[in-house]
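# Architecture at a glance
Spelled out from the first residue to the last, the chains are:
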Amino acid sequence: MVVMSEMWVAAALVCGAAAAWLAGEWQSGARRAQLLLAGGGVVGTGPPKWPRLGCSLRQVRERMRPEWWAPATGLVLAVLGASVLPVLAGAAGLPLLRRARLAREARRARERRGDEVIALCGVLAGEVRAGRQPGEALLRAAHESGGLGEAQAAVLAAARFGGDVPEALAVAARRPGAEGLLGLAACWRVAVDQGAGLAAGLDRLEGALRAQRDQRADLRAQLAGARSTAVMLAGLPALGLLLGTALGADPLRVLLHTGAGLGCLLIGGVLEGAGLWWALRIVRGAEAA
């Protein structure tokens, strides 16, 4: 009964915070509508308090990284189970979730650079085909597509003042996701040294890069089911704890305050982590291949 009352108190606090957040969002939207309908005039005597609360909650939500849910969940479980072990487990999961988030952001940045390189090749081919010189075409294409990223200044300086453009492109291709610039450097070198058509080579390069990107996206879509299944299976123990609590078995007390429960928790946590790591490793290996 004590555990159930603590769960109801925690649920009430969460619901109260969500209600305050939604009220702040509604009040902020209502005030914007009033200002719009009033033609930009003054509505009321000053800003109400609810928009400030909503704004502060919105800022906290934007600044709070996903990995901080681990210690927050551990703190809630520590209160419900009257033990410090969930807090330690949440603190241990913080760097793992941060590493996963950084890896996901790095993958998105790599994909974004790849798309920018593809756009650069397409725009550059169009500029060359329109009759512009390669240097001038590269300047215009880089400004329109942004495919050179942080190395844009060096590459544009080489193109503007007669420097080694292929070498500058090769340096820019060292960034993850910008490997396609090596092909652009090769096309540039062949076109300048041997007088070959730059536009034709850029068209073939763009097609190859686009096909490679589509192939990766198709493979990732096929592996999404396996990844989702692994994550869902990893969450089944939490569902079991919820069902046990609903049935009145008090699984947190058994796991956190008995010797057998602590042993099962330790062994189950190790097996759970090993299984999830192995399944995700298989998926990542398939993506890399």
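Bear in mind that the values here come from a model prediction, so they are computed numbers and not experimental data. (Residues numbered from 1 in each chain as written. Predicted model: local features only at pLDDT ≥ 70, side-chain atom pairs only at ≥ 80, totals over all residues. Heavy atoms only, no water.)

### A few points about unusual backbone geometry
Unusually for a residue other than glycine, Ala82 sits at a positive phi of about 55 degrees. Among the structural elements, Ala82 can be located in the loop between helix 3 (69-81) and helix 4 (85-129). Exposure remark for Ala82: the relative accessible area of 58% places this residue in the exposed category. (Helix = DSSP H or I, 4+ residues; strand = E, 2+ residues; numbered from the N terminus. Buried < 20%, exposed > 50% of the residue type's maximum accessible area, 1.4 Å probe, protein only.)

### Observations regarding the confidence of the model for the protein
Summarising the model, the protein shows a mean pLDDT of 78, and 76% of its residues fall at 70 or more. Averaged pLDDT values for the elements of the protein fall to 47 in helix 1 (residues 2-37) and rise to 89 in helix 4. Throughout residues 20-51 the model reports pLDDT below 50, and contacts reaching past four residues in sequence, or to other chains, amount to 26 contacts. (pLDDT = per-residue confidence, 0-100. Contact = heavy atoms within 4.5 Å.)

### Describing the packing of helix 4 against helix 5 (residues 134-145)
Two elements in contact, helix 4 and helix 5, have axes whose closest approach is 8 Å; the angle formed by their N-to-C orientations is 140 degrees. Overall, the two elements helix 4 and helix 5 adopt an arrangement that is oblique. In the crossing of helix 4 with helix 5, the sense of the turn from one axis to the other is right-handed. On helix 5, the residues touching Glu116, Ala119, Leu120, Val123, Leu124, Glu127 and Val128 of helix 4 are Pro134, Ala137, Leu138, Arg140, Ala141, Ala142, Glu144 and Ser145. For the contact of helix 4 with helix 5, the per-class residue count stands at 10 nonpolar, 1 polar and 4 charged. (Axes fitted to C-alpha atoms, helices over the stretch in contact; angles between N-to-C directions. Parallel < 35°, antiparallel > 145°, perpendicular 65-115°, else oblique. Left-handed = near helix turned anticlockwise from the far one by under 90°. Nonpolar A, V, L, I, M, F, W, Y, C, P; charged D, E, K, R; others polar.)

### Let's talk about the pattern of salt bridges
The tally for this structure, following the rule as stated, stands at 13 salt bridges. Residue Arg213 is joined to Asp115 by a salt bridge in which the shortest nitrogen-to-oxygen separation is 3.1 Å. In this pair, Arg213 is assigned in helix 9 (residues 198-234) and Asp115 in helix 4, connecting sequence segments 98 residues apart. Residue classification places Asp115 among the partly exposed positions, given a relative accessible area of 36%. Its salt-bridge partner being Arg213, residue Asp214 comes within 3.7 Å of it at the nearest N-O pair. You can call Asp214 partly exposed: its relative accessible area is 41%. (Salt bridge = Lys/Arg side-chain N within 4 Å of Asp/Glu carboxyl O.)

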